[in-house]
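# Per-entry structural report
Here are the chains, one letter per residue:
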Amino acid sequence: MRYVALLRGININPRTRVAMADLRALLEGLGYTGVRTHLQSGNALLTADGRSPEQVADEVGRRISEVLGISPAVIVRTVPELRAVVEENPLEVRDPVKFVVVFLAGAPDRAVLEGIDPAEYAPEEMAVGRRELYMYFPDGLRRPKLPPLVERRSSAPATMRNWNTVTRLLELAEA
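Notes on the structure in this doc start here. Predicted model only: the values in this text are computed from it and were never measured.

## Focus on the nonpolar core
Soluble, globular proteins show a tendency: their nonpolar side chains are buried together. In terms of nonpolar packing, the biggest core is built from 22 residues, with L27, Y32, L46, V56 and V60 touching the most fellow members. Going through the elements one at a time, β1 (2-8), α1 (20-29), β3 (43-47), α2 (53-68) and β4 (73-78) are the ones with two or more residues in this core. Once residues lying within four places of it in the same chain are set aside, the contact partners of V60 are L27, L30, Y32 and V74. With 21 residues, the next largest nonpolar core counts V85, A127, V166 and L172 among its residues.

## Overview of the sheet that holds strand β6 (residues 125-128)
The strand order β6-β7-β5-β8 describes an open sheet built from four strands, whose pairing is antiparallel. On the outer flanks of this sheet lie β6 and β8 (158-162), each paired with one strand and no other. For this sheet, the mean inter-axis angle between neighbouring strands, taken without regard to orientation, is 20 degrees. Where strand β5 (residues 99-104) and strand β7 (residues 132-136) come together, five bridges link them in antiparallel fashion. When the sheet's bridge partners are listed, V102 is paired in β7 with L133. Across the sheet, helix α6 (residues 163-174) lies against β5, β7 and β8, angled at about 90 degrees from β8, the strand it touches most.

## Quick look at the sheet that holds β3
On the basis of which strands lie adjacent, the open sheet formed by four strands has the order β2-β3-β1-β4 and antiparallel pairing. Sheet topology places β2 (33-38) and β4 at the edges, where each strand pairs with a single neighbour. Averaged over neighbouring strand pairs, the angle between their axes works out to 20 degrees when direction is ignored. In this structure, β1 lies alongside β4, joined through six bridges in antiparallel fashion. Paired with L7 across the strands is V74, a residue of β4. With respect to the sheet, helix α3 (residues 79-87) is in contact with β1 and β4, its orientation differing from that of β4 by roughly 90 degrees. Taken strand by strand, α6 contacts β1, β2 and β3, and its axis lies near 155 degrees from that of β2.

Calculation notes
Residues numbered from 1 in each chain as written. Predicted model: local features only at pLDDT ≥ 70, side-chain atom pairs only at ≥ 80, totals over all residues. Heavy atoms only, no water. Core = buried A, V, L, I, M, F, W, Y, C linked by side-chain atoms within 4.5 Å. Buried < 20%, exposed > 50% of the residue type's maximum accessible area, 1.4 Å probe, protein only. Helix = DSSP H or I, 4+ residues; strand = E, 2+ residues; numbered from the N terminus. Contact = heavy atoms within 4.5 Å. Pairing = 2+ DSSP bridges. Axes fitted to C-alpha atoms, helices over the stretch in contact; angles between N-to-C directions.

It is worth stressing that arrangement in space is one thing and function is another; only the former is reported here.
Okay, here's the thing in C-alpha cells:
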C-alpha cells in the first residue's frame with residue numbers, strides 16, 4: 001500500500017531541523033520502500049505492505065522521537081484517501097497558495113466546529129471534509145484567523161498543506 005505521511009512541526013526552527021535525506025533514511029530503516037520526500041516541510045511518500053495508516057503514523061512518530069529527539073504529529077493517508085481529499089473539495093480554489101487543507105488525525109469534532117461563527121473570521125472560508133478542513137485565506141497566510149481559532153477548540157493532531165502541495169503529493173503518489 002502506498003502512503004503519504006505528513007509531519008507537523010519539523011523544520012520550523014533550528015531545534016526541529018530535519019534533513020530530508022535523514023528522514024528518507026529513517027523511513028527506509030523502518031522497512032518502508034519507495035521512499036520519497038517532497039519539499040522541506042515533512043512530506044513523505046512510502047510503501048508499507050501489511051500496515052495500516054495508523055501503524056505507519058505510530059511507527060514513524062516513535063522512530064523520529066527516538067532517533068531525532070523531536071515529536072512531530074504524523075498524519076498518514078493512503079493514495080485513494082488523498083485522491084478523495086482532492087476530488088471532494090467543497091470550496092473553490094481561487095488561489096492555490098492561499099487555499100489549504102488541514103489534515104486531521106481523526107474525524108473532526110462537529111460540535112467544536114459548530115461553535116465557530118463564520119462572521120468571526122470573514123472573509124476567510126472553511127468547509128468540513130471527512131478528516132480534513134478546507135480553508136481559504138484571501139488575505140494570505142501571514143496572520144489567518146481560522147487556524148488558531150480551530151486549534152484552540154480542538155486537541156486532535158493536525159497539519160496544514162497548501163493546495164499546490166496537496167495536488168503535487170497526489171501526483172507523485174500516483175506516478
